[in-house]
Amino acid sequence: MRISALLAGVVLAATALTACGGNSGNDAGDAKVPDDPAQVKGDLTYAIWDVNQQPAMQELVKAFNAKYPNVKVSISLATFDQYFTKLKTQGTSDNLPDVFWMNGPNLQLFAANKQLATLDGLIEGKQVDPANYPQALDDLYSWDGKQYGVPKDFDTIAFWYNKKLFAEAKVAEPTADWTWDDYKAAAAKLKAALGPKGIWASGDELGNQGNYYPAIMSNGGYVIKDGKSGYGDPKSVEGLQFWSDMVKAGYTPTAAQNAETPGRERFFSGKAAMMWNGNWLVSMALKSPVKNDLAILPIPKAPNGERKTPIHGLANVMSAKTKNPQAAAAFLAFLGSKDAALIQAKAGAANPAFNGTQGDFVSSAPYALKTFIDAAAQYSEPYPVSKDTSVWNKLETDQIAPAFGGDKPMSEVGPDVAGKMDEALGKEK
Amino acid sequence: MKARRADGGWPWLFVLPTFLGVGVFYLWPLLKTLYDSFTETGPFGGSAWVGAENYTTLVADAEVYRAILNTVVYTAIVLLGIPLAVLFASLLNRPGLRGAMVYRTLFFLPYVALPTAISLVWRIIYNGEYGVLNQALKVIGVDGPSWITQPWFALVAVALLGLWMSIGFNMIVLSAGLKGIPGELYEAASLDGASRVQQFRAITVPLLTPSIFFLSVVTTIAGFQLFDQLFALLGPTNPVMPKTQSLVFLFYDAAFVGNDRGYAAAVAVLILAVVGLLTVFQFRFQRRWVSYD
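Residues numbered from 1 in each chain as written. Chains lettered and ligands numbered in written order. Predicted model: local features only at pLDDT ≥ 70, side-chain atom pairs only at ≥ 80, totals over all residues. Heavy atoms only, no water.

Named according to an unreviewed UniProt entry, chain B is Multiple sugar transport system permease protein originating from Kribbella italica. What the UniProt record of chain B gives under Subcellular location (unreviewed entry) is the line "Cell membrane". In the Sequence similarities (unreviewed entry) part of its UniProt record, chain B is described as follows: "Belongs to the binding-protein-dependent transport system permease family." (UniProt positions renumbered as here; feature names shortened; annotations may be inferred.)

Looking at an unreviewed UniProt entry, one finds chain A named Multiple sugar transport system substrate-binding protein, with Kribbella italica as its source organism. Of chain A, the UniProt comment under Subcellular location (unreviewed entry) reads exactly: "Cell envelope".

Have a look at this one:
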């Protein structure tokens, strides 16, 4: 009897303890930065997911500390695969990092669940001016009429290739007028010449952003429109089929082979001659052994003569429950400043979102990096997101990626995924 | 009576820290998980009671049965490490063996290293195109498969890694068991003309059965908790994962990727039930083959 009473007491005590950890944070939404930087004190955690950009982020912290010497910022790095898993877990226990990278697919989920501080205070205090960034990115980081993120950079997709491997295979170098057919024809020749040496024609990762979104969009298809999936649209299916054919012919590694050795690693170690990929790889390219052999062109055109690339960009956001709202707001404002954009651009870490600062990025590497900027201005489409993007992103990873090169034609896979995706979209609240 | 009661309070005070520890770290999470398994939770907390809905989904989910099968196959392969360990341990405990310490250290090393670190190294070894394993197989004329991206190969690859990691621990436990066998038994047996193999079968193995039993229980429980090697060796975006996932991976996927903590709690309760049943079964069955003399 006494034991059970004691146990009950313990359980009650434990319940009480857990309850204490609940929502006690103050709302950081209207945080403003004091005029005197020396007054701002405290420790901050800044969470990011790209190891290639870590050195640039450290430089940003250093530059921030020159102005705010009493704030200590520690950078926390998690790989992209685990980044949002970690954040969601931390959010559940009110332990989000003070400032962190956010992407389009997750913004609405975090904002709608009151995990993020709004930027109202910073915008009113003129510490952040939304007009400094491309409109499409501000929109991506706004929800329900409020802005939640300061755009950090933006990325588009281009066509990377290895000049030396083309020469070795005696294949004429690509041009900006290439179509999908030219890409395929070159792949056939590259495979015949380089295949026996263990070199792939196209080191494409079969990723959504880098490969099949641009193919679908170029071909006049769509991923999501008005809350409905576009995977059943014949034009989208043709885009998917292009990559499926590439894999089936043995020009591009299968999803399984990409899981073992990611395409970008093949490309940057000279084991693949071409790929479609984004500008976030520039610092990786500069560190690679083949850095002198690389070149960049716009992605090949679809059979209809069009080309389109998704545009996406990261933003820096701050936790709604940060223990140090003033320091976090000061840091966030700094990250959104022109100085911060220039530091990023010089490091070649990313193409900064701050209007007019992309020049340093373009000259940060001996490649035609302007291709990415032009793509944004001339032929980009918004990156497809919804409120619970990760649910249908999982359908893409589990069902579309493994189907490339498989026996089932995309005319079956596409509509099948579209049905499931519509079901998931219907459940979003 | 009164004096006794005054004394009576003190022992409780001394065990209180333990009770608190058990309560906060074992009992409370257990009850909370049980409760959660009957709820539907939001992405960042907050929950609604849904009755047995999670369990009906669980029973109807084909992935659950596949995960149970995978987990059983994995555990069975890792259990094969016990007979191997018995063999190695008795060889290493032979009196007068030179360098025994070196061998023991080598066998134990994988057990001490982090499972994730080991898995990342084996990921490179198993790589179908550039891996050491397939390079070695090529020398003897075998074209190795892509180990970690084909359904059954991937599961076997994970299981072999688990077996390899467990041998060191198994051998430590078995060595302790071997030390407890009196030398006179072997002397008497060899006087009677028993060969080494006969001695091993008639003396070593029967007297080691308590250790073997202990290891089989511990290995089974650990086998059903398969997660880190699987996650690190195959990678979460591996297309083979839906066919190779374990029960704990299913739990991870529901809780942290799908944000469905209620369903994840139901999976956790299922794991607890399966492991509990298996352990009870093992304890019942031991009377037939374990000798405690």
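Enquirer: Quick one: what's the story with the overall build of chain A, residue by residue and with numbers?
Expert: Across its full length, chain A holds 19 helices and 15 strands. Against the compact-globule benchmark of 22 Å for 429 residues, chain A has a radius of gyration of 24 Å, which places it among compact chains. For chain A, the C-alpha atoms occupy an extent of roughly 75 × 60 × 40 Å along the three principal directions. Within chain A, buried positions represent 55% of all 429 residues. Long-range pairs, those at least 24 residues apart, make up 76% of the contacts in chain A with a sequence separation of at least 6. A total accessible area of about 17,300 Å² is found for chain A, and carbon and sulfur atoms account for 52% of it. In chain A, the 42 positive side-chain charges and the 46 negative ones have mean positions that sit 4 Å from each other. (Helix = DSSP H or I, 4+ residues; strand = E, 2+ residues; numbered from the N terminus. Rg over C-alpha atoms; globule rule 2.2 N^0.38 Å. Buried < 20%, exposed > 50% of the residue type's maximum accessible area, 1.4 Å probe, protein only. Contact = heavy atoms within 4.5 Å. Areas by Shrake-Rupley, 256 points an atom, 1.4 Å probe, with all protein chains shown as cover. Lys, Arg positive; Asp, Glu negative; His and termini not counted. Charge placed at Lys NZ, Arg CZ, Asp CG, Glu CD.)

Enquirer: How would you summarise the interface of chain A and chain B if you had to cite specific residues and measurements?
Expert: Chain A puts 32 residues into the contact, and the matching count from chain B is 32 residues. When chain A packs against chain B, the two sides together hide about 2,900 Å² of surface, and 65% of this comes from carbon and sulfur. In this structure, the connection of chain A to chain B is made through two salt bridges. In this structure, the salt-bridge partner of Glu129(B) is Arg266(A), at a minimum N-O distance of 2.8 Å. The set of elements that each furnish at least two residues to the side of chain A that touches chain B consists of α1 (2-20), α3 (80-92), α4 (104-112), α11 (255-260) and α18 (389-403) of chain A. The biggest single contributor to the side of chain A that touches chain B is α1(A), with nine residues. A breakdown of the residues in the side of chain A that touches chain B according to their chemical character gives 13 nonpolar, 12 polar and seven charged. (Buried area = accessible area lost by both parts, 1.4 Å probe. Salt bridge = Lys/Arg side-chain N within 4 Å of Asp/Glu carboxyl O. Nonpolar A, V, L, I, M, F, W, Y, C, P; charged D, E, K, R; others polar.)

Enquirer: How would you explain the packing of helix α4 (residues 81-92) of chain B against helix α10 (residues 196-224) of chain B if you had to name every residue and give the values?
Expert: Residue and element names in this part refer to chain B. With their axes 10 Å apart at the nearest point, α4 and α10 run at an angle of 130 degrees to one another. One element, α4, and the other, α10, form an angle in the oblique class. Where α4 crosses over α10, the handedness of that crossing is right-handed. Contact residues: Ile 82, Val 86, Leu 87 and Ser 90 in α4; Phe 200, Thr 204, Leu 208, Ile 212, Leu 215, Ser 216 and Thr 219 in α10. Along the lines of polarity and charge, the residues of the contact of α4 with α10 split into seven nonpolar, four polar and no charged. (Axes fitted to C-alpha atoms, helices over the stretch in contact; angles between N-to-C directions. Parallel < 35°, antiparallel > 145°, perpendicular 65-115°, else oblique. Left-handed = near helix turned anticlockwise from the far one by under 90°.)

Enquirer: Kindly report on the pairing of strand β14 (residues 315-318) of chain A, identifying the contributing residues and their values.
Expert: Residues and elements named next belong to chain A. Alternating residues of β14 divide into Ala 315 and Val 317 and Asn 316 and Met 318, and every residue in both groups is buried. Bridge count for strand β3 (residues 99-102) against β14 is four bridges, and the pairing is antiparallel. Each bridged residue has a counterpart across the sheet, and for Phe 100 the counterpart in β14 is Val 317. As paired elements, strand β6 (residues 150-151) and β14 share two bridges and run antiparallel to each other. Its bridge partner being in β14, Pro 151 is matched across the sheet by Ala 315. (Pairing = 2+ DSSP bridges.)

Enquirer: Quick one: what's the story with the UniProt feature "domain: ABC transmembrane type-1" (unreviewed entry) in chain B, residue by residue and with numbers?
Expert: UniProt's feature table lists "domain: ABC transmembrane type-1" (unreviewed entry) at residues 67-282 of chain B, given in the numbering used throughout. For residues 67-282 of chain B, the end-to-end C-alpha separation is 22 Å, with 78% helix and 0% strand making up the annotated structure.

Enquirer: Outline the pattern of salt bridges, listing residues and values.
Expert: Scanning all chains against the criterion turns up 14 salt bridges over all chains. Across the salt bridge formed by Lys152(A) and Asp153(A), the nearest N and O atoms sit 2.6 Å from each other. Among the residues examined, Lys152(A) registers a relative accessible area of 3% and is labelled buried. Note that Asp36(B) is salt-bridged to Lys32(B), the shortest N-O span being 3.1 Å. Taken as a pair, Asp36(B) and Lys32(B) lie in helix α1 (residues 2-36) at a separation of four residues, close to a single helical turn. The exposure class of Asp36(B) is buried, given its relative accessible area of 15%. Under the relative-accessibility criterion, Lys32(B) is labelled partly exposed at 35%.

Enquirer: Give me the lowdown on the environment of Val139(B), citing residues and values where you can.
Expert: Relative to the helices and strands, Val139(B) is located in helix α7 (residues 132-139). Separated by 86 residues in the primary sequence, Val139(B) and Gln225(B) place their C-alpha atoms 37 Å from one another.

Enquirer: Residue-level account of the packing of aromatic side chains, with values.
Expert: Here the structure, examined in full by the defined rule, presents 56 aromatic pairs over all chains. Judged by centre distance (6.5 Å) and plane angle (50 degrees), the rings of Phe166(A) and Trp178(A) are tilted. Linking Phe166(A) in helix α7 (residues 163-168) with Trp178(A) in the loop between α7 and α8 (180-194), this pair joins segments that are 12 residues apart in sequence. Assessed through its relative accessible area of 0%, Phe166(A) is described here as buried. Ring geometry for Phe38(B) against Tyr55(B): centres 5.4 Å apart, planes inclined by 45 degrees, an arrangement best described as tilted. Placement of Phe38(B) in the loop between α1 and β1 (39-41) and of Tyr55(B) in helix α2 (residues 53-60) is noted, with a sequence separation of 17 residues between them. Three or more aromatic residues joined by ring pairs make a cluster, and in this case those are Phe159(A), Tyr161(A), Phe166(A), Trp178(A), Trp180(A), Tyr183(A), Phe242(A), Trp243(A) and Trp276(A). The positively charged end of Lys152(A) is found above the aromatic ring belonging to Trp101(A), 4.7 Å away from the centroid. (Phe/Tyr/Trp six-rings, centres within 6.5 Å; stacked < 30°, edge-to-face > 60°. Lys NZ or Arg CZ within 6 Å of the ring centre and 35° of its normal.)

Enquirer: Lay out the nonpolar core with the relevant residues and their values.
Expert: Grouped together as the largest cluster of nonpolar side chains are 134 residues, with contacts concentrated most on Trp160(A), Tyr231(A) and Trp243(A). Residues lining this core come from more than one domain, with at least three contributed by each of domain 1 (2-155 + 312-354) and domain 2 (157-311 + 384-426) of chain A. Ala85(B), Val158(B), Leu178(B) and Tyr252(B) belong to the second largest nonpolar core, which has 40 residues in total. (Core = buried A, V, L, I, M, F, W, Y, C linked by side-chain atoms within 4.5 Å. Domains from an automatic or database assignment.)

Enquirer: Got a sec to walk through the UniProt feature "transmembrane region" (unreviewed entry) in chain B? Specific residues and values, please.
Expert: All names here are of chain B. With numbering matched to this structure, UniProt assigns "transmembrane region" (unreviewed entry) to residues 12-31, 72-93, 105-125, 152-174, 205-227 and 262-281. Helix makes up 91% of residues 72-93 and strand 0%, with an end-to-end C-alpha separation of 32 Å. For the annotated span residues 152-174, helix accounts for 100% and strand for 0% of the residues, and the straight-line distance between the end C-alpha atoms is 31 Å.

Enquirer: Residues and numbers for a nonpolar patch on the surface, please.
Expert: Judged by side-chain polarity, Trp10(B), Leu13(B), Phe14(B), Leu16(B) and Leu20(B) come together as a nonpolar surface patch covering roughly 530 Å² of accessible area. Relative to the helices and strands, Leu13(B) is located in helix α1. (Patch = residues over 30% accessible without salt bridge, like charges linked within 9 Å, V, L, I, M, F, W, Y side chains within 5 Å.)

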